[in-house]
Amino acid sequence: MAILEVEHIRKTFGKTEVLRDISFQMEKGTTLSLIGSSGSGKTTLLRCLNFLETPTSGIIRVNGETLFDASVVSRSREKEIRRKRLHFGLVFQSFNLFPQYTALQNVALAGELLAHEREDWRQNRKSIRQEMQEKASHLLDQMGLSDRKENYPHQLSGGQCQRVAIARALALEPDILCFDEPTSALDPELTGEVLRVIRSLAERHMTMIIVTHEMAFARDVADTVIFMDQGEICEMGDPKDVFQNPQKERTRQFLAGYAGV
Amino acid sequence: MQTILQQMPIVIGALNTGFVQTLRLFFVTLLGAFPLGLVIAMGSMSRLHVLRGITRTLVWIIRGSPLMIQLLIIYYFPGLVFHAPIWGGGESGRFQAAAVAFIINYACYFSEIYRGGIQGIPVGQEEAGLVLGMTHSQIFFKVKLLQMIKAIVPPMSNEIITLVKDTSLARIIALQEIIWAGQSFMKGSQGISGAIWPLFFTAVYYLVSIGILTILLQRLEKRLSYFR
Ligand SMILES: Nc1ncnc2c1ncn2[C@@H]1O[C@H](COP(=O)(O)OP(=O)(O)OP(=O)(O)O)[C@@H](O)[C@H]1O
Ligand SMILES: [Mg+2]
């Protein structure tokens, strides 16, 4: 069964139609890369999945559960939306780390706050907190940041910040982790370390949607690639096929702009 | 003819009394303007056009006109125009009027500082919190509040230091603060007249208080400098 089903998502801002009838499915443990020219709606799509935008119409299902259906009028309570959100994680282009917390605190914070809602929070406060810290610490080890746990974001390089942000998103164990151009804000020599981490997640079959302008990376790491153009899915398929033998003229033109891939 | 040394205890006594009034006005203004400024800031960021319009106009008027005029209007206007003096007579009435004028004036300045602090936080912080399943109040208290305070402290420090000196404007409605006390020895008071040095002496009080305040505020700023 597909882990994610997106059906007929539309999104309009005022009169501009930013997403027009987006439908696709994803299998658990696969990686999807989302490519397309600037303004084609990639960020908006990720934001819809993460409930930062509300689609104008369409349905979003995760593991068969309908998380969003525009045709069902619902005034979901904050708690409900938060629960739904947690199926997804989002790594931002600009990291958005919390500056007043150390790397470790950044990773552990949300989990601790969520734990407040657990019934045994009062009794086991100490051990739960301990558990969260250890988990965060372990994640930072995985990101190759063992010696950076007590540093504040301003003391870290962009690449390190982004790896902390990835650890922070992983800490909540989302079903699907989304990346919005995770390396676009980085100096070229720092993109490698972030891409390597994402690649290792793909090897461990984390389900991921990656918006990227790194065409070689999109081709190599993804199981499926979607090329978006003007709010539509123009072409979708195996990266080898899409990159080597694009069916649509618009895909060809777009890829020609990335000669040498 | 007394020597300055003989006059000193009398003058110091009078200046101290005036300085207490200066300090009272200073602290009452802060106590009132901190929360009122926040209320005005909320109003100026409201989604309701009318409320936003009214508060922004108020802030524009208050910040665009001299505090001295505001003091005069607040103190004299009710009595002269409506023949209904709302301020009690004497020093306590003058203090009330001065406190009201200062609180309104400073609240308007503070509101702009609060607004800058609140609006200056990148939306990414809020969005990162939301995506991590935090509630709006958790995002406010755990993520944004400290960043706001950090952003607010330096401009707030400037205003607070300006306020120390601005309290002397209350002299215009004859509030018996330290300048008034110093000046009284020019006209004649307690057997001393034509003395200008007590007025210069008041400057020492200002310099010392501002020195202490500056150190305290810098410490606060330093304590928040561990992040950026
Ligand atoms: N909040 C908004 N209000 C109005 N228009 C918006 C809003 N957000 C995005 N848009 C518009 O939607 C379109 C798609 O934007 P989006 O950010 O999703 O594109 P993108 O594919 O991520 O582009 P890029 O590669 O530059 O990041 C753009 O034309 C943009 O101007
Ligand atoms: Mg984008």
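Just so it is clear, the structure is predicted and the values come from calculations on it, not from any experiment. (Residues numbered from 1 in each chain as written. Chains lettered and ligands numbered in written order. Predicted model: local features only at pLDDT ≥ 70, side-chain atom pairs only at ≥ 80, totals over all residues. Heavy atoms only, no water.)

A. The sheet that holds strand β5 (residues 65–69) of chain A, seen in detail. Residues and elements named next belong to chain A. The sheet built from four strands is open, its strands ordered β2-β1-β4-β5 with antiparallel pairing. In this open sheet, the two edge strands, each paired with only one partner strand, are β2 (16–27) and β5. Ignoring which end each strand starts from, the neighbouring axes of this sheet average 15° apart. Packed onto the sheet, helix α1 (residues 42–49) meets β1 (2–13), β2 and β4 (57–62) and runs at close to 65° relative to β2. (Pairing = 2+ DSSP bridges. Helix = DSSP H or I, 4+ residues; strand = E, 2+ residues; numbered from the N terminus. Axes fitted to C-alpha atoms, helices over the stretch in contact; angles between N-to-C directions. Contact = heavy atoms within 4.5 Å.)

B. Up close: the interface of chain A and chain B. Counting residues at the interface gives 26 residues for chain A, matched by 20 residues for chain B. Carbon and sulfur atoms make up 63% of the area that chain A and chain B hide from each other, which totals about 2,200 Å². Of all residues in chain A, F98(A), Q100(A) and H154(A) bury the most surface against chain B, accounting for 26% of the area lost on that side. In this structure, R47(A) and E127(B) form a salt bridge, with 2.9 Å as the shortest nitrogen-oxygen distance. At the boundary of chain A with chain B, the tally comes to nine residue pairs in polar contact (both at pLDDT 80 or more). Those elements that provide at least two residues to the side of chain A that touches chain B are α2 (78–85), β6 (88–91), α3 (103–115) and α5 (158–170) of chain A. At four residues, the largest contribution of residues to the side of chain A that touches chain B is made by α3(A). Residues of the side of chain A that touches chain B, tallied by class, amount to 16 nonpolar, five polar and five charged. (Buried area = accessible area lost by both parts, 1.4 Å probe. Salt bridge = Lys/Arg side-chain N within 4 Å of Asp/Glu carboxyl O. Polar contact = N/O pair within 3.5 Å; in protein donor to acceptor, adjacent residues only side chain to side chain. Nonpolar A, V, L, I, M, F, W, Y, C, P; charged D, E, K, R; others polar.)

C. Here's a closer look at the pattern of salt bridges. Residues and elements named next belong to chain A. Enumeration according to the criterion identifies 20 salt bridges over all chains in this entry. The salt bridge involving R83 is made with E65; its shortest N-O contact spans 3.2 Å. Pair noted here: R83 is in helix α2 and E65 is in strand β5, with a separation of 18 residues, a long-range link. A residue is classified by how much of its surface remains accessible, and R83, at 40% relative accessible area, is partly exposed. In this structure, E193 engages R163 in a salt bridge whose closest nitrogen and oxygen atoms are separated by 2.8 Å. Residue E193 is found in helix α6 (residues 188–203), and its partner R163 is found in helix α5; the two are separated by 30 residues along the sequence. (Buried < 20%, exposed > 50% of the residue type's maximum accessible area, 1.4 Å probe, protein only.)

D. Structural detail: the environment of G89(A). Here G89(A) shows up in strand β6. Sequence spacing of G89(A) and P174(A) is 85 residues, and the spatial spacing of their C-alpha atoms is 5.5 Å. G89(A) has contacts with N50(A), P174(A), I176(A), L177(A), C178(A) and V131(B), leaving out every residue within four places of it along the chain.

E. Just the site of ligand 1, in detail. Residue and element names in this part refer to chain A. Neighbouring ligand 1 are F13, V18, S37, S38, G39, S40, G41, K42, T43, T44, E181 and H213. In this structure, an oxygen atom belonging to ligand 1 sits 3.2 Å away from a main-chain N or O atom of S40. H213 places a polar side-chain atom, nitrogen or oxygen, 3.5 Å from an oxygen atom of ligand 1. Of the residues forming the shell around ligand 1, the biggest block, three residues, is contributed by α1. Of the residues belonging to the shell around ligand 1, the class tally is two nonpolar, eight polar and two charged. (Near = heavy atom within 4 Å.)

F. Representation of the confidence of the model for chain B. Averaged over all residues, the pLDDT of chain B equals 94, while 100% of them reach at least 70. Model confidence for the complex: the whole-complex pTM is 0.90, and ipTM, which rates the interface, is 0.94. (pLDDT = per-residue confidence, 0-100.)

G. Up close: the packing of helix α6 (residues 136–166) of chain B against helix α8 (residues 197–223) of chain B. Residue and element names in this part refer to chain B. Between α6 and α8, whose axes approach to 10 Å, the crossing angle comes to 170°. Considering the angle they form, α6 stands roughly antiparallel to α8. The two elements α6 and α8 meet at a crossing, and its hand is right-handed. Of the residues in α8, those touching α6 at V153, P154, S157, I160, I161, V164 and K165 are Y206, I210, L213, T214, L217, L220 and E221. Taken together, the residues that form the contact of α6 with α8 break down as ten nonpolar, two polar and two charged. (Parallel < 35°, antiparallel > 145°, perpendicular 65-115°, else oblique. Left-handed = near helix turned anticlockwise from the far one by under 90°.)

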